[in-house]
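Structural overview for review
Chain by chain, the residues:
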Amino acid sequence: MEHTHLGRSGLLVSRIGLGTMNFGDATDQPEAFEIMDRAVELGVNFFDTADVYGGPQSPDMAQGYGTSEEILGEWLKKSGRRDEIVLATKAYQPMGLGPNDRRLSAYHLKRACEASLRRLQTDHIDLYQMHHVDRATPFEEIWQAMEQLVAEGKITYVGSSNYAGWDVATAQLTAEHRHFLGLVSEQSQYNLANRAIEQELIPALEHFGIGLIPYAPLASGVLAGSPKDEETVRRKAPEVQEQLRRVSDQLAEYERLCADLGHSPAEVAQAWLLHQPAVSTIIAGARTVKHLESAVDALTIDLDVATLTELDRTWPRPGVAPMSYAW
């Protein structure tokens, strides 16, 4: 396993991180324990979860589950491996039905953090991430709450997720004004089939020294290649089928390139992310041990300049703003 710094911080994380969104939903506790045990064996030290995980996710969900954190907490208690991993979770989504049981107010952040600590059965969270941007709450309030949590020893680093480039800039400049470290990471959807964040977000992250943590590295399974007859219905869902139809020509080209390389489409997609300079660690949202092992195998793939150029031709770059649309 390779390890690298999370952004400009001194924290070292494995290039492959374990995403636990499926725990409690598609993956039950015994299988989740197997995946986490295997992750540690493979040298994976970055474990990512969120308070809402454990069931179907949607932007307008009424209330989260907490199940993923609970399963992770039980594993931490049983395995005794708390000091071997970098534990990351998130807050923002509703975890109750009250008006203050969501978003990023100081009121909610304090209670959300303490609730996550109880479910995770630990006394501290290594990376506490804001799951979405909350433009109704000033960053002065957010940073005051985060500074207090750091002072109390409940969190160590702060990250963001699903932020725009200007949100990152606003957050970081406000933190610097308060003489606070601010963001060390941003977790965003990023893959060969969805490169939108290259326009503005990635340049902002590189400017401020913030590490990128891509999620959905396989674009909901699209970049794993055309579904085989024996596969589960998960990749045969209508929305995934529609996406597969939309990129069918690109996917056929991509699969031919992967075949020439002698690697699976899923492995090449994750290897491509590992070749992107802004990326610190990628989230492998493994539902099985096999999925995790496939992600780790991507570390062995060295993509040369010619191959990277061919991938750019198949899955074009959007360009960097403002040149991409104004020049």
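Report on the accompanying structure.

Here we take up the side chain of Asp-134. In this structure, Asp-134 sits in the loop between strand S6 (125-130) and helix H4 (139-151). Among the polar contacts listed, one links the side chain of Asp-134 to the backbone nitrogen of Ala-136, at a separation of 3.1 Å. Polar side-chain contacts of Asp-134 include one of 2.7 Å to the side chain of Thr-137. Contacts of Asp-134, omitting those with residues within four sequence positions, involve Tyr-92, Arg-103, Leu-104 and Ser-105.

Another aspect to go through is the packing of aromatic side chains. Applying the stated criterion to the full structure yields five aromatic pairs. Taking 6.4 Å as the distance between ring centres and 55° as the angle between the ring planes, the aromatic pair formed by Phe-139 and Tyr-163 counts as tilted. Here Tyr-163 lies in the loop between strand S7 (155-161) and helix H5 (165-177) and Phe-139 lies in helix H4, a separation of 24 residues in the sequence. For the pair formed by Phe-139 and Tyr-163, the shared burial category is buried. Considering the side-chain rings of Tyr-254 and Trp-315, the 5.8 Å spacing of their centres and the 75° angle between planes classify their relative orientation as edge-to-face. On the criterion of sequence distance, the pair formed by Tyr-254 in helix H8 (residues 248-261) and Trp-315 in the loop between helix H11 (305-314) and helix H12 (323-326) is long-range, its members being 61 residues apart.

Of all six residues in strand S5 (residues 86-91), six are buried; the element is thus mostly enclosed. Here S5 shows a buried face lined by Val-86, Ala-88 and Lys-90 and a second buried face lined by Leu-87, Thr-89 and Ala-91. By the bridge criterion, three bridges tie strand S4 (residues 46-48) to S5 in an arrangement that is parallel. By the bridge assignment, Asp-48 is partnered in S5 with Ala-88. What joins S4 to S5 is helix H2 (residues 67-79), and the crossover it makes is right-handed. When S5 meets S6, the two strands line up parallel, connected through four bridges. From the neighbouring strand, Ala-91 faces S6, where its bridge partner is Met-130.

Thresholds applied
- Residues numbered from 1 in each chain as written.
- Predicted model: local features only at pLDDT ≥ 70, side-chain atom pairs only at ≥ 80, totals over all residues.
- Heavy atoms only, no water.
- Helix = DSSP H or I, 4+ residues; strand = E, 2+ residues; numbered from the N terminus.
- Polar contact = N/O pair within 3.5 Å; in protein donor to acceptor, adjacent residues only side chain to side chain.
- Contact = heavy atoms within 4.5 Å.
- Phe/Tyr/Trp six-rings, centres within 6.5 Å; stacked < 30°, edge-to-face > 60°.
- Buried < 20%, exposed > 50% of the residue type's maximum accessible area, 1.4 Å probe, protein only.
- Pairing = 2+ DSSP bridges.
- Right-handed = clockwise from strand over helix to strand, strands pointing away.

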